[in-house]
Structures are given as C-alpha cells and as structure tokens.
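Architecture and fold: a report
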Amino acid sequence: MQPESSLQPLWDWILRHLGESGVASPAFLFTAVVAGVYLPGIVFSFVDVVVTRRLTLAECWSVYWRAMKWYGSLYPVAMIAFLALPLTLLSRVPAEAPTVLELARDLVLYFLIGDFVSYFWHRYEHANPWYMRHVHSYHHVDTPPLSIWTAMVVHPVEGFSVFACFHAYGILFPIHPLTFAIGAFSVTAVNMITHCGYRLPVYDRVFATAREHDLHHAEREPRNVSVMLSICDRMFGTFQKAS
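Let me sum up the structure you'll find in this document. (Residues numbered from 1 in each chain as written. Predicted model: local features only at pLDDT ≥ 70, side-chain atom pairs only at ≥ 80, totals over all residues. Heavy atoms only, no water.)

1. With respect to the overall build of the chain
So the rule is basically this: Numbering of helices and strands runs from the N terminus; a helix is a DSSP stretch of H or I covering at least four residues, while a strand is a stretch of E covering at least two. When we talk radius of gyration, it's over C-alpha atoms, and the globule rule is simply 2.2 Å times the number of residues to the 0.38. Relative accessibility decides the category of a residue: with a 1.4 Å probe and only protein chains considered, values under 20% of the type maximum give buried, values over 50% give exposed, and everything between is partly exposed. When checking whether two residues touch, look at their non-hydrogen atoms; a contact exists if any pair is within 4.5 Å. Only the protein chains shown count as cover for residues, with accessible areas throughout obtained via the Shrake-Rupley method and a probe of 1.4 Å. The convention is simple: Lys and Arg are positive, Asp and Glu are negative, and His and the chain ends are not counted. Here the site of a charge means NZ on Lys, CZ on Arg, CG on Asp, or CD on Glu.
Looking only at helices and strands, one finds ten helices and zero strands in the chain. Ordered by position from the N terminus, the helices and strands of the chain form the series α-α-α-α-α-α-α-α-α-α. Computed over C-alpha atoms, the radius of gyration of the chain comes to 19 Å, within 12% of the 18 Å expected from 2.2 N^0.38 for 243 residues, which places it in the range of a compact globule. Evaluated residue by residue, the chain yields a buried proportion of 49% over its 243 residues. Contacts in the chain between residues at least 24 apart in sequence constitute 71% of all its contacts with a sequence separation of at least 6. When the accessible surface of the chain is totalled, it reaches about 13300 Å², and 69% of it is carbon and sulfur. Between the averaged position of the 16 positive side-chain charges in the chain and that of its 18 negative side-chain charges there is a distance of 7 Å.

Here you go:
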C-alpha cells in the first residue's frame, strides 16, 4: 500500500465541498482559468494605479473593459449553463490525490508542451497575412507600455485557439483533475504576467519576461514569441534580450 499523498487533505477538502459531480463539471477547470486571469490582473492593476502610478484608474479601466467586457460576462453565463446542464468531463473522479512528484512531473510537461504548441501557433499567426490582419492584429493594437489586461485583448477566434494550445497537455493526456486545475490556473496567470510590463527578478529567471515580450509588441519582426517560457525562442532563433 502506497503512503498517502501530502496533497490528500487538499483533495479531500475539494471533494467534500464540491462533490464528485462538481469536480467532474467543466465549471471546476473553467473557474481555475478565470482565477488565473483575475488574481494577477487585480494585483498588477493595483500596482499600476496605486504603487507605481504608471496608469491612472481611468486608463487601467479602459484596457480592462476593452479586454474583458465580453470575456468577463462569459464566466457567469457559462457557470449558469454548467449548473443547469448535466455536463461532465470525467467518467470517474479519483478518490486519491496525486503525489507531489506526479504533480511536479505533470506541471513541467504542462508548461513545456503548452509553450511548444503555443509558440508555433503564434509564429503561424504572424506568418499568415490574412490571419494576422483579421485576427491577431486585434491583440497587437496595444503597444508598450502594456497593461496586464493586454493579455486578454484578443479576438474570440484567437481566444479559443490559444486556449487549446496553452492547455494541450491537460486536454490530450489523462492527468489528475487537481493537476489540471493547478496547471490551468498557472499557465493562465503566467500568460497574464508576461504582459504586465515589469521586471520581476526571481520570476524572470524561469518564465518569459514582460520586458522582453514588450519588444514583441513594439517591433514588426516577430521576436520573443513565447508567452510562457523562453525555451522555444532561444531554440528557434526568435529570442531578443531586453536592454
């Protein structure tokens, strides 16, 4: 018999409060994604307006509203639909939590595969003139200094396609629902922070940096394409270090 995972108390708490049907519902993962948007969004909006005063409240709200007036309303509408309809993503909800090693392994793969797939999709967005003009250009209306909400200034077609790229590992492979939720939150939050406009010394050692992604929004030539890690940019010659 294997020893109990140190994550078991957390998983038991989730199952106790949401039930198996709640965890199996799309609402469970959708909430993790929405949290990955709003938690860093609120924190960095506070920094922009109150701490650094880089943006006025009106300027911050303007970018937020442009980004979220439709996506923000999607959450309550989707939650009502998920509660009203018997939708399920899982045929069986595991009673056991993942081990810490299983969680770490799957999160690393979640980021690596999501970064790889989204990198090449982003390269395609820039290489295809029609798609760039009619879809991806909507995101590139914003130029530095960026607001964290710029991450969500995307055409609905791009919103759907990028979502599939970011979460490819969780969608394609049978990972634990707790891992899927943590991965969905983390990847979404990292994409948001990549657009925050600040140097973050410890964070920047691991993830794609906001200052380098600023260059992506400032130049015609696609540089610093990745929004999660910088591995693909470094491997395929599109990395440009920020001064």
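2. A short note on the packing of helix α4 (residues 100-127) against helix α8 (residues 177-193)
Inclusion rule: Convention adopted: a line fitted to C-alpha atoms gives each axis, helices being fitted over their contacting stretch, and angles between N-to-C directions are expressed from 0 to 180 degrees. In this scheme, roughly parallel covers angles under 35 degrees and roughly antiparallel covers those over 145, while 65 to 115 is roughly perpendicular and the rest are oblique. What makes a crossing left-handed is the near helix being turned counterclockwise from the far one by less than a right angle; a clockwise turn instead makes it right-handed. Basically, the charged four are Asp, Glu, Lys and Arg, the nonpolar ten are Ala, Val, Leu, Ile, Met, Phe, Trp, Tyr, Cys and Pro, and anything else, Gly included, counts as polar.
Interhelical geometry of α4 versus α8 gives an angle of 40 degrees and a closest axis separation of 10 Å. Taken together, the axes of α4 and α8 lie oblique to each other. As for the relative orientation of α4 and α8, their crossing is right-handed in sense. Packed against α4, whose contacting residues are L103, D106, L107, Y110 and F111, the element α8 presents T179, F180, I182, G183, A184, S186, V187 and V190 at the interface. Of the residues belonging to the contact of α4 with α8, the class tally is nine nonpolar, three polar and one charged.

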